[in-house]
Amino acid sequence: MNGDLETSLDREGWAPLGGLLSEAECRALVASYDDDAQFRSKVVMARHGFGRGEYKYFAYPLPARIAKLRETLYPRLVPVANRWNAQLGNETRFPPAHGEFLKRCHDAGQTRPTPLLLKYGTGDYNCLHQDLYGAHVFSLQATVLLSGDFTGGEFVLTEQRPRMQSRVAVVPLSPGSGVVFAVNHRPVEGKRGPYRVTMRHGVSPLRCGTRHTLGIIFHDAG
């Protein structure tokens, strides 16, 4: 499975992740959105020009299932992240365990947790963006769809290539499944060796219904 994941990430900059959450876990996370005690902050996208809709960042301690996803997905992705950095001439290497990487973030003042729940209604959307948050940035992140009672609201990725037009991918998701994708840059093999492309992600406008997603970001925020 990890071989397929790495192949897809190298080829496309993203890879599907099936069966991350059960139906019951998805329902529980959607219901938790109204429990402000679990969150450190709320962002209304229109106030900041981010799009339309809203999201909330979880507070520490994270819910056990989200902490476990962070802990178990990270080591699967470290080999890709380290190889990409080497190909791009970036000397940063990520440690094998997520706890070690979080210590690096926290020692640098990036102590605020970044996993988040996002909520979109009819007409809402998320502009193309990158989730960076500080100097210490893990190369990959994941999104998990929690609800399916909507139309539109496709997850969109763009790849900006040097001296070429941008490439777009629309990623199909079903509740409980997810996608892992490049946070910022990734290498693409060219005739003269690897070159750098820039990735961004967003959500197209919902035509109707309500869309809930979970965002798993491996670095914390300053």
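Read on for a plain summary of the structure.

The rules behind these values
Residues numbered from 1 in each chain as written. Predicted model: local features only at pLDDT ≥ 70, side-chain atom pairs only at ≥ 80, totals over all residues. Heavy atoms only, no water. Helix = DSSP H or I, 4+ residues; strand = E, 2+ residues; numbered from the N terminus. Buried < 20%, exposed > 50% of the residue type's maximum accessible area, 1.4 Å probe, protein only. Polar contact = N/O pair within 3.5 Å; in protein donor to acceptor, adjacent residues only side chain to side chain. Expected span 1.5 Å × (residues − 1). Bend = angle between axes of the 7 residues up to and from the residue. Pairing = 2+ DSSP bridges. Axes fitted to C-alpha atoms, helices over the stretch in contact; angles between N-to-C directions. Phe/Tyr/Trp six-rings, centres within 6.5 Å; stacked < 30°, edge-to-face > 60°. Arc of directions from axis to C-beta. Contact = heavy atoms within 4.5 Å. Disulfide = S-S within 2.5 Å. Salt bridge = Lys/Arg side-chain N within 4 Å of Asp/Glu carboxyl O.

### Quick look at the side chain of Lys56
- On the secondary structure map, Lys56 appears in strand 4 (residues 54-58).
- A residue is classified by how much of its surface remains accessible, and Lys56, at 6% relative accessible area, is buried.
- One polar contact links the side chain of Lys56 to the main-chain carbonyl oxygen of Tyr33, over a distance of 2.6 Å.
- Polar side-chain contacts of Lys56 include one of 2.7 Å to the side chain of Asp36.

### Focus: helix 3 (residues 64-87)
- Taking 1.5 Å per residue, 24 residues should reach 34 Å; helix 3 reaches 35 Å between its end C-alpha atoms and fits that length.
- Where helix 3 bends most, the angle comes to about 40°, and this point is Leu77, followed within four residues by the proline Pro79.
- All buried positions along helix 3 are accounted for by Ile66, Leu69, Arg70, Leu73, Tyr74, Leu77, Val78, Val80, Ala81, Asn82, Trp84 and Asn85.
- Just beyond helix 3, the residue with positive phi is Gly89, at close to 75°.

### Considering the sheet that holds strand 15 (residues 211-217)
- As summarised here, the arrangement of the seven strands in space is 1-11-7-15-5-4-2, forming an open sheet in which the pairing is antiparallel. Since the sheet does not close on itself, it has two edges, and those belong to strand 1 (14-17) and strand 2 (39-44), each with one partner. On average, each strand axis in the sheet is tilted by 20° relative to the strand beside it, whichever way the strands run.
- Relative to strand 15, strand 7 (residues 140-145) runs antiparallel, the two sharing five bridges. Its bridge partner lying in strand 15, Gln141 is registered against Ile217.

### Some words on the packing of aromatic side chains
- A complete count under the given rule lists twelve aromatic pairs for this structure.
- Relative to Tyr133, the ring of Tyr57 lies with its centre 6.1 Å away and its plane at 80°, an arrangement referred to as edge-to-face. Highlighted residues: Tyr57 in strand 4 and Tyr133 in the loop between strand 6 (125-129) and strand 7, separated in sequence by 76 residues.
- We classify Tyr57 as buried; its relative accessible area is 8%.
- For Tyr133, a relative accessible area of 26% gives the class partly exposed.

### Thoughts on helix 1 (residues 2-12)
- Buried within helix 1 we find Leu5, Ser8 and Leu9. The buried side chains of helix 1 occupy one side of the element, clustering within an arc of 100° when seen end-on.
- If you follow the buried residues of helix 1, they end up packed against strand 1, helix 3, strand 7, strand 11 (178-182) and strand 12 (185-190).
- Backbone geometry just downstream of helix 1 places Gly13 in the positive-phi region, at approximately 85°.

### Focus on the state of the cysteines
- With the rule as written, the count across this model stands at zero disulfides.
- The thiol of Cys26 is unpaired, and the distance to the nearest cysteine sulfur, on Cys208, comes to 20 Å.
- Looking at Cys26, the relative accessible area reads 3%, which means it is buried.

### A short note on the environment of Thr143
- Tracing the sequence through the fold places Thr143 in strand 7.
- For Thr143, a relative accessible area of 9% translates into the label buried.
- The sequence separation of Thr143 and Leu29 amounts to 114 residues, and the corresponding C-alpha distance is 13 Å.
- In this view, Thr143 contacts Phe155, Ser177, Gly178, Val179, Phe181, Thr213 and Leu214; residues no more than four positions away in its chain are not counted.

### Some details on the pattern of salt bridges
- Applying the stated criterion across every chain yields a total of 13 salt bridges.
- A salt bridge links Lys42 to Glu54, with the shortest nitrogen-to-oxygen separation between them at 3.6 Å. Here Glu54 lies in strand 4 and Lys42 lies in strand 2, a separation of twelve residues in the sequence.
- Each of Arg11, Glu12, Glu159, Arg167 and Arg186 takes part in a single network of salt bridges with overlapping partners.

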